[in-house]
Amino acid sequence: MTYIIIGFVPLLVFTTTVFKTMNKYYVEERKKEMLSQANVISGHITVMNYLFDDSKKELFDYDIKETSRQGGYRIVVLDSMGTVVNDSNKTIIGKTLLIPEVVEALDNKDIAREQDNETVYAAVTIVDSRSNQIGAVLISDSTSDIFETIDNIRKQVIILLFGVVIISAIVMFFISQIITEPLKKMLEVIKKMSEGHLDQRVTVSGMSHNEISDLAEACNNMADELEQVESTRQTFVSNVSHELKTPLSSIKVLSESILLQDEVPKEMYVEFLKDINSEVDRMTEIINDLLTLVKLDQREIPIDYEMTDMVKLCGDVVKRISPLASAKNIKLEFIADKEVFAEVDSTKFTLAISNLVENGIKYTDEGGKVSLYVDCDHQNAFFKVTDTGIGIAEEELGKIFNRFYRVDKTRDRETGGTGLGLSITHSTVLMHNGSIKVTSKENEGTTFVVRIPLRHTPKVSENVQ
Ligand code: ADP
């Protein structure tokens, strides 16, 4: 309706203006034509001396009548006093006619004027051969024919306009149906989604490729994403419960077996308490890792980017972990050929690299080798952690960054892994706008390559905050 009103009103104003202008133009043309006719008649009267030669009266009458019939207008001839001496209608002969046009013509001014009663009056002076003013010719004609013609056209145009409006209203109605129908459907689906029915999808089939189908697709992608998040959340919660339940059950079994015995030797107490203590340590480790991850996810901990000497950072990591390597008789190698400085949060980044090196040692058998290389180009810093360990099967490679994911559950309980270390490393690297890649071959070894930009460029959202 809005479009129709916006389109129709100016069109109506425009046509009305055009018709008014046309009307005015034709009336002006008619005035000019009548003036020239009146002048011709006036000249003819002078030449024929009709006003003073009574013998030509009949011819005068005939001339006036004939000219009036041919021109389709009324002719009135007046003498210099304003008395009608001839009238093509023969109704006012002998009467004095002093309408404004006649007065002006007798005053030597030719005039053509339109009156309210849709009549045009044109009056001109009659002069004799010595230019004396001897009378006036007044011709009058109705302009109703002009009005009628224009009115007819106006009516047709208005009918046409209404036709166009009705047709466009129908077309627009259907077009808006085509546009709003899928939007309505989408709205319904989104409402259902917000009520928790995340399995709802907008049907995109049948829609041609346009903004609406794009919107529907984006809506479906968002729903996929939401469903994914929801299922990850559920898996995460069940994993956390499971992980915490295992040490808790051990503690329960251990404490109950002491409680249920009457006479417990001291050594047994000590041994059971040691086991309980190690289970508590394990729970603490899991909870600490979880807290770190949750904080990384929520971006709760402020990220403290500063230009850091990465060679020193990695050297420190290697130094701290080397006792672990020595205990397993593993050769821990650190290679850095050039200076590497990058803008990182050193605490978080140290943890990320430590996790990789510790894993290398954890999953490499005695006598193996773990190496850490640090390198850079003009944009990025690279960290490569390679080991000669047990490796990871190809089908497992995609999952190892998932929370609580462990390739071999039994083995990891022995090595004490929580299954969260790589998730923490992954989140940290992403936070630094970097990437992490892994390649591995079972029983040969694993290589992790981390890339991070040397300079931290804040994301748009960070800037806004
Ligand atoms: P965890 O605390 O169990 O080590 P991570 O998240 O650090 O947890 O690692 C996830 C899993 O990926 C590990 O349980 C292990 O099976 C596998 N993994 C990680 N690093 C290596 C490696 N260097 N060599 C072989 N397997 C590895």
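Residues numbered from 1 in each chain as written. Predicted model: local features only at pLDDT ≥ 70, side-chain atom pairs only at ≥ 80, totals over all residues. Heavy atoms only, no water.

Labelled according to an unreviewed UniProt entry, the protein chain appears under the name histidine kinase, originating from Candidatus Fimicola merdigallinarum. Taken from UniProt, the Subcellular location (unreviewed entry) comment for the protein chain reads in full: "Cell membrane". You can read under Catalytic activity (unreviewed entry) in the UniProt record for the protein chain the words "ATP + protein L-histidine = ADP + protein N-phospho-L-histidine." (UniProt positions renumbered as here; feature names shortened; annotations may be inferred.)

**Q** Tell me about the sheet that holds strand 3 (residues 111-115), and name the residues and values.
**A** Read from one edge to the other, the open sheet built from five strands follows the order 2-1-5-4-3, with strand pairing classed as antiparallel. Lying at the two open borders of the sheet, with one neighbouring strand each, are strand 2 (84-87) and strand 3. For this sheet, the mean inter-axis angle between neighbouring strands, taken without regard to orientation, is 20 degrees. Pairing analysis gives five bridges linking strand 3 to strand 4 (residues 119-127), with the strands arranged antiparallel. Across the sheet, residue Gln115 finds its bridge partner in strand 4, namely Thr119. Sheet strands touched by helix 1 (residues 2-48): strand 1 (74-79), strand 3, strand 4 and strand 5 (133-142). Its angle to strand 4, the strand with the most contacts, is close to 30 degrees. (Pairing = 2+ DSSP bridges. Helix = DSSP H or I, 4+ residues; strand = E, 2+ residues; numbered from the N terminus. Axes fitted to C-alpha atoms, helices over the stretch in contact; angles between N-to-C directions. Contact = heavy atoms within 4.5 Å.)

**Q** Run through the confidence of the model for the protein chain, naming residues and quoting values.
**A** For the protein chain, mean pLDDT is 88; residues scoring 70 or higher make up 95% of the total. When pLDDT is averaged over each helix and strand of the protein chain, the minimum, 47, is found for helix 11 (residues 460-464) and the maximum, 97, for strand 10 (residues 380-387). A low-confidence stretch, residues 461-465 (pLDDT under 50), is modelled with two contacts involving residues beyond four sequence positions or located in other chains. (pLDDT = per-residue confidence, 0-100.)

**Q** Pulling in residues and values, what's your account of the pattern of salt bridges?
**A** What the rule picks out here adds up to 26 salt bridges. A salt bridge links Lys90 to Asp61; its shortest N-O distance comes to 3.8 Å. Pair noted here: Lys90 is in the loop between strand 2 and helix 3 (100-106) and Asp61 is in helix 2 (residues 57-71), with a separation of 29 residues, a long-range link. Ionic pairing is found between Arg201 and Glu227, a salt bridge with its closest N-O pair at 2.9 Å. Pair noted here: Arg201 is in the loop between helix 4 (144-194) and helix 5 (211-259) and Glu227 is in helix 5, with a separation of 26 residues, a long-range link. (Salt bridge = Lys/Arg side-chain N within 4 Å of Asp/Glu carboxyl O.)

**Q** If you had to explain the packing of helix 4 against helix 5 to someone new, which residues and values would you point to?
**A** Two numbers describe how helix 4 lies on helix 5: the axes approach to 10 Å, and their chain directions differ by 10 degrees. When the axis of helix 4 is compared with that of helix 5, the two are roughly parallel. Together, Ile179, Pro182, Leu183, Met186, Ile190 and Met193 of helix 4 and Ile212, Leu215, Ala216, Cys219 and Ala223 of helix 5 make up the contact between the two elements. (Parallel < 35°, antiparallel > 145°, perpendicular 65-115°, else oblique.)

**Q** Go over the site of the ligand with me, naming the residues and quoting the values.
**A** What surrounds the ligand is a group of 20 residues, the closest being Asn359, Tyr363, Asp387, Thr418 and Leu422. In the environment of the ligand, an oxygen atom lies 3.1 Å from a nitrogen or oxygen atom belonging to the backbone of Val407. Between Thr446 and the ligand, the recorded distance is 3.4 Å, taken from a side-chain N or O atom to a nitrogen atom. Within the complex, 97% of the 530 Å² of free accessible area of the ligand lies under protein. When contributions to the shell around the ligand are tallied by element, the ones reaching two or more residues are helix 8 (346-362), helix 10 (421-431) and strand 12 (445-453). Of all the elements, helix 8 adds the most residues to the shell around the ligand, at three residues. For the shell around the ligand, the residue count by class is eight nonpolar, eight polar and four charged. (Near = heavy atom within 4 Å. Polar contact = N/O pair within 3.5 Å; in protein donor to acceptor, adjacent residues only side chain to side chain. Areas by Shrake-Rupley, 256 points an atom, 1.4 Å probe, with all protein chains shown as cover. Nonpolar A, V, L, I, M, F, W, Y, C, P; charged D, E, K, R; others polar.)

**Q** Can you explain helix 4? Please cite residues and give values.
**A** For the α-helix, the turn length of 3.6 residues means that residues three or four positions removed from each other point alike. Its 51 residues place the ends of helix 4 70 Å apart at the C-alpha level, agreeing with the 75 Å of an ideal helix rising 1.5 Å per residue. Along helix 4, the sharpest change in direction is near 25 degrees and occurs at Thr180; proline Pro182 comes one to four residues later. Taken together, the buried positions of helix 4 are occupied by Ile146, Ile150, Leu161, Val165, Pro182, Met186, Val189 and Met193. Contacts from the buried residues of helix 4 go to helix 1 and helix 5. Residue Gly196 follows helix 4 closely and has a positive phi angle near 110 degrees. (Expected span 1.5 Å × (residues − 1). Bend = angle between axes of the 7 residues up to and from the residue. Buried < 20%, exposed > 50% of the residue type's maximum accessible area, 1.4 Å probe, protein only.)

**Q** Which residues make up the packing of helix 1 against helix 4, and what values do they have?
**A** At a minimum axis distance of 11 Å, the contact between helix 1 and helix 4 shows a crossing angle of 170 degrees. Viewed along their axes, helix 1 and helix 4 adopt a mutual orientation that is roughly antiparallel. Both helix 1 and helix 4 take part in a crossing whose hand is right-handed. Contacts between helix 1 and helix 4 pair Tyr3, Ile4, Phe8, Leu11, Leu12, Thr15, Phe19, Met22, Asn23, Tyr26, Val27 and Arg30 from the former with Asp145, Ile146, Phe147, Ile150, Ile153, Arg154, Val157, Leu161, Phe162, Val165, Ala169 and Met172 from the latter. In terms of residue class, the contact of helix 1 with helix 4 is built from 19 nonpolar, two polar and three charged. (Left-handed = near helix turned anticlockwise from the far one by under 90°.)

**Q** Please give an account of the side chain of Asp141 that cites residues and values.
**A** Structurally, the position occupied by Asp141 is in strand 5. We classify Asp141 as buried; its relative accessible area is 14%. A polar atom in the side chain of Asp141 sits 3.1 Å from the side chain of Arg30. Contact partners of Asp141, with chain neighbours within four places excluded, come to Arg30, Met34, Gly72, Tyr73, Glu118, Thr119 and Val120.

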